[in-house]
Amino acid sequence: MLDFKFNIKHFLLLFFVSACLLYLTRSWLMSLGIMMLLVLTDRLIVMYGKKRGNGKDND
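Rules and cut-offs
Residues numbered from 1 in each chain as written. Predicted model: local features only at pLDDT ≥ 70, side-chain atom pairs only at ≥ 80, totals over all residues. Heavy atoms only, no water. Phe/Tyr/Trp six-rings, centres within 6.5 Å; stacked < 30°, edge-to-face > 60°. Lys NZ or Arg CZ within 6 Å of the ring centre and 35° of its normal. Helix = DSSP H or I, 4+ residues; strand = E, 2+ residues; numbered from the N terminus. Expected span 1.5 Å × (residues − 1). Buried < 20%, exposed > 50% of the residue type's maximum accessible area, 1.4 Å probe, protein only. Contact = heavy atoms within 4.5 Å.

A. The arrangement of the packing of aromatic side chains in detail. In the structure shown here, the tally under the stated rule is 0 aromatic pairs. Of note, Arg-26 hangs over the ring of Tyr-23, and the distance from its end group to the ring centre comes to 5.0 Å.

B. Broad picture of helix α2 (residues 28-52). Relative to the 36 Å expected for 25 residues at 1.5 Å per residue, α2 spans 36 Å between its end C-alpha atoms, a close match to the ideal helical length. Taken as a whole, α2 has its buried residues at Ser-31, Met-35, Arg-43 and Val-46. Contacts from the buried residues of α2 go to α1 (8-25). Looking one or two residues past α2, Gly-53 carries a phi angle of roughly 75°, positive in sign.

This is the structure we're talking about:
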């Protein structure tokens with residue numbers, strides 16, 4: 001479950017989204033909560049794709 005590859009593009013995208021959330025909400029805790037939900041959803045989608053066997057993981 002915790003075995004995933006490090007992708008710099010994915011990391012930069014998450015960093016950009018978190019910076020935008022912080023700017024829009026002006027609340028560190030709200031931005032953190034939204035980012036946690038986004039990362040959890042991303043992980044679940046990747047796991048679902050692996051389970052179904054729909055090709056390689058682009059993570």
